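Each chain, written out:
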Amino acid sequence: MEKLVLSMLMLAACYAIPRDLSGKVFVFPKATSTDHVKLFTSKKEFDAVTVCLKFLTDLKRDIGLFSLATDDYSNDFLLFRRNDMIEVHIRDVSTEFLSLPLTPNTWHSLCSTWHSDNGLAQLWLDGKPSIKRFISGRTITGKPITILGQEQDSYGGGFDANQLFVGMISQVHMWDYALSPAEIKHYVNDGNFTSGNVFNWRALEYEILGKVIVEEEPDM
């Protein structure tokens, strides 16, 4: 009987219950190499991607903002801030978007789009589009592990305390297609937009590991 109960608990732990985080934020309050949030999706193939999120930090050093790894590629889709630039990684290949106004202690809205048809990526920081840069024309495939708060150097782990995120993250959405500029502007301005069909802040499947706190969203 005990074995049956344990098996049921382990099975239940594999499935996160979608939760509406509207008006909430994830607070990452301290610097550790363990604290993070894991996001869950059943999707395993991406010909295109859009990721949008809003974040606040007082750090000026390198930080991982959004880390999606598969068994073959630890940086299958990664958003990584380095000084005044944002790196976008696809299938362990990266490009840099330079000279960005990443002011500390300020809420920033960040969206990134990429499509395998032409291999081009683009950033939208606080509603302003960057140039477009080529990364990769290869489709993302494999069962993803997606992490907020840490950058994966291996599949589901390999965290580096010098790259962890401290601050707040909110309104995380991911789509398996490139969002239009009009939709991105609606997201940035808290207007009506289509929620992410991979990750949806209004019905998010996630697990908190370590000291990450869900709190009411402050004024942005």
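Reading the values: the criteria
- Residues numbered from 1 in each chain as written.
- Predicted model: local features only at pLDDT ≥ 70, side-chain atom pairs only at ≥ 80, totals over all residues.
- Heavy atoms only, no water.
- Helix = DSSP H or I, 4+ residues; strand = E, 2+ residues; numbered from the N terminus.
- Rg over C-alpha atoms; globule rule 2.2 N^0.38 Å.
- Buried < 20%, exposed > 50% of the residue type's maximum accessible area, 1.4 Å probe, protein only.
- Areas by Shrake-Rupley, 256 points an atom, 1.4 Å probe, with all protein chains shown as cover.
- Lys, Arg positive; Asp, Glu negative; His and termini not counted.
- Charge placed at Lys NZ, Arg CZ, Asp CG, Glu CD.
- Pairing = 2+ DSSP bridges.
- Axes fitted to C-alpha atoms, helices over the stretch in contact; angles between N-to-C directions.
- Disulfide = S-S within 2.5 Å.

**Focus: the overall build of the chain**
Link 1 in the chain: Helix and strand counts for the chain come out as 2 helices and 17 strands.
Link 2 in the chain: The C-alpha radius of gyration of the chain comes to 17 Å, within 12% of the 17 Å expected for a compact globule of 220 residues.
Link 3 in the chain: Oriented by its inertia axes, the alpha-carbon framework of the chain measures out at about 60 × 40 × 35 Å.
Link 4 in the chain: Within the span of the chain, comprising 220 residues, buried residues form 50% of the whole.
Link 5 in the chain: Accessible surface computed for the chain: about 10500 Å², of which carbon and sulfur atoms make up 51%.
Link 6 in the chain: In the chain, 21 positive and 28 negative side-chain charges are present, and the distance between their average locations comes to 1 Å.

**Concerning the sheet that holds strand E2 (residues 36–39)**
Link 1 in the chain: A sheet is described by the order of its strands in space; here 7 strands give the open sequence E8-E7-E6-E5-E13-E2-E16, paired in antiparallel fashion. Two strands bound the open sheet, and with one partner strand each, they are strand E8 (93–97) and strand E16 (206–209). The mean inter-strand angle of the sheet, taken between neighbouring strand axes irrespective of direction, is 20°.

**Concerning the state of the cysteines**
Link 1 in the chain: Under the definition given, this model contains 1 disulfide.
Link 2 in the chain: There is a disulfide in this structure between Cys-52 and Cys-111, and the S-S distance comes to 2.0 Å. Residues Cys-52 and Cys-111 are joined through a disulfide that is right-handed, its torsion about the S-S bond being 115°. With Cys-52 in strand E4 (residues 48–56) and Cys-111 in strand E9 (residues 108–115), this residue pair connects regions lying 59 residues apart in the sequence. Summarising the burial analysis for this pair, Cys-52 and Cys-111 share the class buried.

**Things to note about unusual backbone geometry**
Leaving glycine aside, a negative phi is the common case for residues, and trans is the common case for peptide bonds.
Link 1 in the chain: With phi around 55°, Arg-91 is a residue other than glycine that occupies positive phi space.
Link 2 in the chain: Mapped onto the elements, Arg-91 comes out in the loop between strand E7 (85–90) and E8.
Link 3 in the chain: Take Arg-91: its relative accessible area is 7%, and that puts it in the buried class.
Link 4 in the chain: Notably, Asn-105 is not glycine yet its phi reads approximately 55°, a positive angle.
Link 5 in the chain: Checked against the element boundaries, Asn-105 lands in the loop between E8 and E9.
Link 6 in the chain: In this structure Asn-105 comes out as exposed when scored by relative accessible area, which is 58%.

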